[in-house]
Structure formats: C-alpha cells, structure tokens
Number of protein chains: 2
Amino acid sequence: MTATVHPIGSARAASLEPMIQLAAADLNHVNAVILERMQSEVALIPELAGHLIAGGGKRMRPMLTLACAALLDYQGARHHKLAAAVEFIHTATLLHDDVVDSSGLRRGRRTANIIWGNPASVLVGDFLFSRAFELMVEDGSLKVLRILSRASSVIAEGEVSQLSAQRRIETSEDHYLEIISAKTAALFAAACRIAAVVAERDESVEEALDAYGRNLGVAFQLVDDAIDYSSDAATMGKGVGDDFRDGKATLPVILAYARGGEADRAFWRDAIAGGGAEPADLGRATILLRETGALADTLERARLFGRRAIDALGAFPAGRAKAALVEAVEFAIQRAY
Amino acid sequence: MTATVHPIGSARAASLEPMIQLAAADLNHVNAVILERMQSEVALIPELAGHLIAGGGKRMRPMLTLACAALLDYQGARHHKLAAAVEFIHTATLLHDDVVDSSGLRRGRRTANIIWGNPASVLVGDFLFSRAFELMVEDGSLKVLRILSRASSVIAEGEVSQLSAQRRIETSEDHYLEIISAKTAALFAAACRIAAVVAERDESVEEALDAYGRNLGVAFQLVDDAIDYSSDAATMGKGVGDDFRDGKATLPVILAYARGGEADRAFWRDAIAGGGAEPADLGRATILLRETGALADTLERARLFGRRAIDALGAFPAGRAKAALVEAVEFAIQRAY
C-alpha cells in the first residue's frame, strides 16, 4: 500500500514517454486524419489551423483516447477518426480561448489571433468544430456523438461561467472547481470514455474511464493555474501572469484571498477587479501565493485529483497501458516542479 | 407560361404570412424547444442568447423546415427539435458574424457583442452550436447529422472565404456566388432537405428541397447585398453601408467595378481596399451602383435564383404548402423594393 496507492509526489521523474510509445503507431494514423481533414480549398483554413495543430501540442487528449483503447485491448481502427475529432474540438476551443483572452503567446509561439486576427481565429475554430462532428458522423456511433456533443456544450458553459466569474474575487473554491471541471475536464473525460464505446465495453467501464479523464483534467488545470504564477514564459510556452492580468480568480488566488489579512485581501480585490497591469503587482501576488501556502495547496489538491484518477483505473489489469496512464497523471502533476 | 413560370416581379405584394400561417402550430413547438434548450445555469447564456433569439428574427430557416415538412404531409413531431437545431446553428453564426464584422446593429437592435463584448458572443455562439448537435443526437438520425454537420463546415468555409476576399476588388462574380452559396445558402438548403429525411422520402425529394432552399438562399443573400446600398438603417434593421465600410466585394460592387471607367474603377479599388469611411464615398458608391445598373442587375440575378427555387418545387402537388413556399421566394425578392 505504498508506491501503488500513493505514487504521486515520488522523487522519480515521470514522463509522457510510455504513453507516447504505447500510442505511437495509432498516433501516426490520427495525425494523418488530422492533416487530411483540416484541408480546405480556402487556403487560410489549413494555414491557420496548421499553425496551431502542427505547433508543438502534446496531443494529450487524442493520446488518452488511444491509450484507453489500448487498455481495453481494442484492435480496430475507429478510434483514429474519433481521436482526431477530439483534437479538432480541442483546437477549436484553443482558437476561441485565445480570442476571448486576447492571448499573444501559446506553446511558445505567437497565437493565431495575433498573426491572422480575431475574425479568422473565430471562423477557423468554427470550421474545425464542424469538421469534428463530420468525423464523428462518419464513424456513425450515436453514443459517441452524444458524449462529445454534450462535452462541447459543457465546455462552452464552463468558458462562459469563467468569463462571468472574471474579476470576481469572491468566486468560491467549489464554484471554481465546477468551472474547470466543465471547461477543461469534460473533454479529458469524453476522450477517455469514447474508447470504451468503440471497444464495446459496458457502462461501468465507460464510467471508470470517464472518472480517470475527469480527475486527470482537473489536476491538469490546477497545475496549469499554479504554473501561471511560478514559471516563466520560456518553460510554460505562454505569457507568465496571464491569469493575473486577466483578473481570473483561479484556485491559487482564491486560497490566498481566503487566508490573507485585511491589507492582503484589499490587494487581491483591487488586482483581480482591476487587472494587475503592473509588474510589481504580479511580484507581490507571487509572494503572497507562496507565503500563504496557496500555491503549495493548489498542487496538493491537484495531487488529490491525480490520485482519484489513478484509483479510477483500479479494476483494470496491470500492464503497459495502465502503467502509461498512471505515469501520465504523475507527469501532469510534476510539470509544476 | 406567364404567372406560373414567371411569378417573380409581379405587382402583387408577396408576404411571409402564408408560410407563417401554415407553420404556426409547429412553430409554437419549435419556439418552446428553443426557449427550453437555450437555458443554462450560467445566467449569461440565456440572457445573451435570448437577446438575439427573442429579438425579432423571422425564424426563416426553421419555418422552411416546417413548411417543407408540410409540403410532404409529414405528420410526426421530429421536425420540431430539428428546426430548433437549425435556428441554433443560425444564431451561433450570427453571433460570430457580428464579432467578425464588428457590427453594432442587427434587426434594429444593438448587437450582443456591443452589449456583452466579443468574448461572450464567441462563447455563447459555441454553446448554441453544441446544443444544436445535442438536439440532433436526441433525434437520432445520422443522415440529419450528416447534412447539418456538413452544412456547418461549408458555412464556416464560406465565411473564411469571404474574409479572405475582403478588401479585394478583383473577386469574380463566380467566386462571390460560391461564397454566398456556402455562407448563406447551405443552411437554407439543409433546413429544407432535412424535412425530406424526417418524412422518409427518397433521395430525389431530398434533392428537390435542397435545390429549392439553396436557390432561395442565394436569392435572399443577393437581395440583402442590394439592400445594403439602397435602404436605410430603419427599414433594414442594421447599419446601412456596412458592407461598403467593411470592404466587402459583394455582387453590386463586382458588377459596378466591371462596368466602370478608369476613374470609377480607381474609386472602387481605393474604397474597397481602404474601406469607405467617408459618407461622401458611400454616396458616390450608391450613385455608381445605380448608374451602371449594378443594383438592378444584382436583383435580376436574385430573381433568376428565385425562379430556380420555384422550379425545384415543380414535381410537388399544388396546395397550400407549395403556394406558401413559392410566395416566400417572392417575398425574399420583393424586400428590395
């Protein structure tokens, strides 16, 4: 009951490599589908989509579909199109997110909205989103369509919910967890769940994989939230302090605000309500996040969700696929260190 | 070979009233689905969506689904959800269009992007689009899903294509017709075609209704293009001269440019490339569009597509539904006069 139950936080450096190795052959097929189906006679579409799709993404979500299919010993090829659909949905949300947040940097490169403008990013996002549904329709499973259309609605709801919470320091931890469960974890969950559908496994298997993906997604987002205050642009691939400047009450901020004295709370209220435009403000914010233990406790919560993700895999037989999925969780957490 | 073959351009005032009467009972059901399915715990979603959905739209596209179903004597209720899905897709594209064009006025009211900002419009559009697919999945027809996911891709391609053609005076008439066939007519065609699917009619019926909707859609858009230069904001419900200021080479401009002398062509090049910000430029543009017959010929082409739409209904029995669909075409054309 030591290493297997509490594997997270171990000194060993975790890696995505086992999952990449596991999924390598399938991922080539997925990449071929992605490249083929992002084409259009309208040249701007593959140009803009290719910038983001070819631009160094980890293919985390489609890899989860592939790895979960491997866990279930699925031998077919249906998951190639569906994993591509998942990546298209993800790419569409990234394009729209960057417009919503006026982001300038993603994965270490200038964002599409900066290069081609907001209109092109909005419309190419719509195209990729539609293409995702065309791929699902070609596969022909109404169950998969139900899972991914539901996930898409939930993602959009989560994004609007976060927008409504923006610049509101009073956002509660519970409400924030609901937001990221929707905007981030829903697609992780769906990516994993559809593997059970194509493998024609029963509802309990679907739910186990859904729980794995959902908890991993929450952990992943919490780590991202912490990194936004503890990394630099070079390692993160996006602008540091973006959340702070956008007035996003992420979990680190929610915890630091709850624990702060009156002066600190006034600082957070002003900074989140008004946007911390000054570098000195970001500096003070980072100090407060460390002093109150808010960053450390955000990561502790991430570890908790990570453990839940791993526990959700309990009923599956040990083996290469399960080990890769477990290590992916450890990798997601360790990114913060 | 007079009134039936060439009904368009008659002195009689056409109206949408017959189609509204025909579809009234069904439209109540569709509106109930729309109201129910635009709800969300995230208050901003129904607030923003309701502004546009309740804001005086004609429900043209869902009415076409209903009227085509009536033409086929369909007695079921499946088309209620699907017509709502069509309206959601349309509303999503309007929300995104207004962001893309930075529009300030639609249907005589301030646009959602002006009231709630671009981020909310983008994300609520994504939500409605996802909801549309959820409604289709509930209906359960893969054929309908195929038709509407394909239409959605084509719409997005058409929008990107128009964006790429923006400020390019050299856009050809053929290329422009391709753009509006995609961005506008594809959804008209799909709205009509799915009526044949729910009524379980064969491919030839699907194709006839598709052709009706597609030609009506092109006519509708060409009339809109003409109105943008010949109406005022009060009658049009959006800003007059918007296309001119956005540098859109719509058909009136393409024709006027082709027919102009060297000075006129230089004017068009500058105005479309640079955007006609000055009221005097819009005045000159309008004069040139009239003098060259470009406006009149745009409407003549609209009438041609309108005739094709009516011809596509040729094989269907005469009756109340057919008469309503024919008069809808006449109404679409007469809006310009």
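You'll find the structure just up there.
Figured I'd write up the structure that's included with this text. (Residues numbered from 1 in each chain as written. Chains lettered and ligands numbered in written order. Predicted model: local features only at pLDDT ≥ 70, side-chain atom pairs only at ≥ 80, totals over all residues. Heavy atoms only, no water.)

Re the overall build of chain A
Let me state the cut-off plainly: Helix numbers and strand numbers start at the N terminus; a helix is a DSSP run of H or I with at least 4 residues, a strand a run of E with at least 2. C-alpha atoms define the radius of gyration, and 2.2 Å times the number of residues to the power 0.38 defines the globule rule. Throughout, exposure labels follow a simple rule: accessible area from a 1.4 Å probe, protein chains only, divided by the maximum for the residue type, with under 20% read as buried, over 50% as exposed, and the rest as partly exposed. A contact between two residues is defined here by any heavy atoms of the two lying within 4.5 Å. Only the protein chains shown count as covering a residue, and every accessible area follows the Shrake-Rupley method with a 1.4 Å probe. When charges are tallied, Lys and Arg are placed among the positive residues and Asp and Glu among the negative ones, while His and the ends of the chain are skipped. By convention, charge coordinates are those of NZ in Lys, CZ in Arg, CG in Asp, or CD in Glu.
Each helix and strand in chain A was counted, giving 16 helices and two strands. For a compact globule of 337 residues, the expected C-alpha radius of gyration is about 20 Å, and chain A comes in at 20 Å, within 12% of that figure. Each of the 337 residues in chain A was classed as buried or not, and the buried ones make up 62%. In chain A, the proportion of contacts linking residues at least 24 apart, taken out of those at least 6 apart, comes to 77%. On chain A, roughly 12,600 Å² of surface is accessible, and the fraction owed to carbon and sulfur atoms is 52%. Taking the average place of the 36 positive charges on the side chains of chain A and the average place of its 44 negative ones, the gap between the two points comes to 2 Å.

Looking at the nonpolar core
What counts here: The criterion is simple. A nonpolar core is a set of buried Ala, Val, Leu, Ile, Met, Phe, Trp, Tyr and Cys residues joined through side-chain atoms within 4.5 Å.
With 184 residues, the main nonpolar core has L209 and Y212 of chain A together with L209 and Y212 of chain B as its most contacted residues. In contact with L209 of chain B, other than residues within four places in its own chain, are C68, L71, L72, C192, R193, A195, A196, L313 and F316 of chain B.

Some remarks on the packing of aromatic side chains
Filter applied, for reference: Pairing of aromatic side chains here covers Phe, Tyr and the six-membered ring of Trp, requires ring centres within 6.5 Å, and sorts the geometry by plane angle: under 30 degrees stacked, over 60 edge-to-face, intermediate tilted. Whether a charge sits over a ring comes down to the Lys NZ or Arg CZ being within 6 Å of the ring centre and within 35 degrees of the ring normal.
Under the defined criterion, the tally for this structure stands at 14 aromatic pairs over all chains. Aromatic pair F244 of chain B and W268 of chain B: ring centres 6.3 Å apart, planes at 85°, arrangement edge-to-face. Of the two residues, F244 of chain B sits in helix α11 (residues 242–245) while W268 of chain B sits in helix α13 (residues 262–274), which places them 24 residues apart along the sequence. Classification of F244 of chain B as buried rests on a relative accessible area of 0%. Ring centres 5.4 Å apart and planes at 65° place the aromatic pair F267 of chain B and W268 of chain B in the edge-to-face group. When its relative accessible area of 0% is taken as the criterion, W268 of chain B is described as buried. Aromatic ring contacts, followed pair by pair, group F129 and F133 of chain A together with F129 and F133 of chain B into a single cluster. The lysine or arginine in question, R335 of chain A, covers the ring of F220 of chain A, its NZ or CZ lying 4.0 Å from the ring centre. Over the aromatic face of F305 of chain B sits the side chain of R308 of chain B, whose NZ or CZ is 4.8 Å from the ring centroid.

So, the interface of chain B and chain A
Counted only if it meets this: For this document, the term salt bridge refers to a Lys or Arg side-chain nitrogen within 4 Å of an Asp or Glu carboxyl oxygen. Polar contact criterion, stated in full: a pair of N or O atoms within 3.5 Å, where within protein one must be able to donate a hydrogen and the other to accept it, and residues adjacent in sequence count only if both atoms are side-chain atoms. Following the grouping adopted for this structure description, the nonpolar residues are Ala, Val, Leu, Ile, Met, Phe, Trp, Tyr, Cys and Pro, the charged ones are Asp, Glu, Lys and Arg, and the polar ones are all others, Gly among them.
With 36 residues of chain B at the interface, the matching set in chain A holds 35 residues. Connecting chain B to chain A are two salt bridges. E134 of chain A serves as the salt-bridge partner of R150 of chain B, at 3.6 Å between the closest nitrogen and oxygen. At the junction of chain B with chain A, the criterion picks out eight residue pairs in polar contact (both at pLDDT 80 or more). Of all elements in the fold, only α2 (44–53), α4 (78–100), α6 (118–139) and α7 (142–165) of chain B reach the threshold of two or more residues within the side of chain B that touches chain A. For the side of chain B that touches chain A, the leading source of residues is α7 of chain B, giving 14 residues. The class makeup of the residues in the side of chain B that touches chain A is 19 nonpolar, nine polar and eight charged.

Re the pattern of salt bridges
Residue and element names in this part refer to chain A. Following the criterion strictly, the structure yields 42 salt bridges over all chains and no others. Residue E134 pairs with R131 through a salt bridge whose shortest N-O separation is 3.0 Å. Within this pair, E134 and its partner R131 are both found in helix α6 (residues 118–139), separated by three residues, close to a single helical turn. Accessibility expressed as a relative area gives 9% for E134, which makes it buried. Across the pair R335 and D224 runs a salt bridge whose closest N-O atoms are separated by 2.9 Å. Here R335 is found in the segment after α16 (320–334), whereas its partner D224 is found in helix α9 (residues 203–230), with 111 residues between them in sequence. A relative accessible area of 22% places R335 in the partly exposed class. By sharing partners, the salt bridges in this structure join K143, R193, E203, E206, D210 and R214 into a single network.

Topic: helix α2 (residues 44–53) of chain A
In terms of burial, α2 of chain A is largely enclosed, as nine of its ten residues are buried. For α2 of chain A, the set of buried residues is L44, I45, P46, L48, A49, G50, H51, L52 and I53 of chain A.

Looking at the relation of the copies chain B and chain A
Mapping between the two chain copies consists of a rotation about an axis together with a translation along that axis. The test is simple: The fit set for superposing copies consists of C-alpha atoms from residues with pLDDT of at least 70 in both; the fit itself is least squares.
Once chain B has been moved 0.0 Å along the axis and rotated by 180°, it coincides with chain A to within an RMSD of 0.0 Å. Here the transformation between the copies is reduced to the relation of a two-fold axis. Mapped onto chain A, 97% of the interface residues of chain B again fall at the interface, so both copies present the same surface.

A closer look at the packing of helix α7 (residues 142–165) of chain A against α6 of chain B
Rule in force here: Angles shown run from 0 to 180 degrees and are taken between the N-to-C directions of axes, each axis being a line fitted to C-alpha atoms and, for helices, limited to the stretch in contact. Orientation is classified from the angle alone, with under 35 degrees giving roughly parallel, over 145 giving roughly antiparallel, 65 to 115 giving roughly perpendicular, and any other angle giving oblique. We call a crossing left-handed when the near helix sits turned anticlockwise from the far one by less than a right angle, and right-handed when that turn is clockwise.
One way to put it is that α7 of chain A packs onto α6 of chain B with a least axis distance of 8 Å and a crossing angle of 160°. As summarised for this structure, α7 of chain A and α6 of chain B are arranged roughly antiparallel, according to the angle between their axes. Here α7 of chain A and α6 of chain B pass one another in a crossing that is left-handed. In contact with L142, L145, R146, S149, R150, S152, S153, A156, E157, E159, V160 and L163 of chain A of α7 of chain A, α6 of chain B contributes P119, A120, L123, V124, D126, F127, S130, R131, F133, E134 and V137 of chain B.

Overview of the environment of F129 of chain B
For F129 of chain B, the position within the fold is in helix α6. Overall, F129 of chain B belongs to the buried group, its relative accessible area being 9%. Distance from F129 of chain B to F316 of chain B, taken between C-alpha atoms, is 33 Å for residues 187 residues apart in sequence. Not counting residues up to four positions away in its chain, the partners in contact with F129 of chain B are F129 and S130 of chain A together with I89, A92 and S152 of chain B.

Overview of the environment of A191 of chain A
Residue and element names in this part refer to chain A. With respect to the helices and strands, A191 occurs in helix α8 (residues 173–198). Considered as a pair, A191 and A83 are 108 residues apart in the sequence and their alpha carbons are 7.3 Å apart. Discounting residues that sit within four places of it in the chain, A191 has contacts with R61, T65 and V86.

Brief notes about α16 of chain A
Residue and element names in this part refer to chain A. Operational definition: Between the first and last residue of a helix there are one fewer steps than residues, each counted as 1.5 Å, and that sum is the expected span.
Its 15 residues give α16 an end-to-end C-alpha distance of 21 Å, which sits within 8% of 21 Å, the value for a rise of 1.5 Å per residue. The element α16 is largely enclosed, with a buried count of twelve among its 15 residues. Within α16, burial applies to A321, K322, A324, L325, V326, E327, A328, V329, E330, F331, A332 and I333.

What about the state of the cysteines?
Here is the rule: A pair of sulfur atoms, both from cysteines and within 2.5 Å, is called a disulfide here.
Inspection of the entire model under this criterion finds zero disulfides over all chains. With no disulfide partner, C192 of chain A has as its closest neighbouring cysteine sulfur the one in C68 of chain A, 3.7 Å distant.

Quick look at unusual backbone geometry
Positive phi, close to 60°, is recorded for D73 of chain A, a residue that is not glycine. Among the secondary structure elements, D73 of chain A is positioned in the loop between α3 (60–71) and α4 (78–100).

A closer look at the side chain of S141 of chain A
All names here are of chain A. Turning to its location among the elements, S141 is positioned in the loop between α6 and α7. S141 gets classed as buried once you look at its relative accessible area, which sits at 10%. Those residues in contact with S141 that sit more than four places away from it in its chain are R78, M136 and V197.

That's the geometry; what it means functionally is another story.
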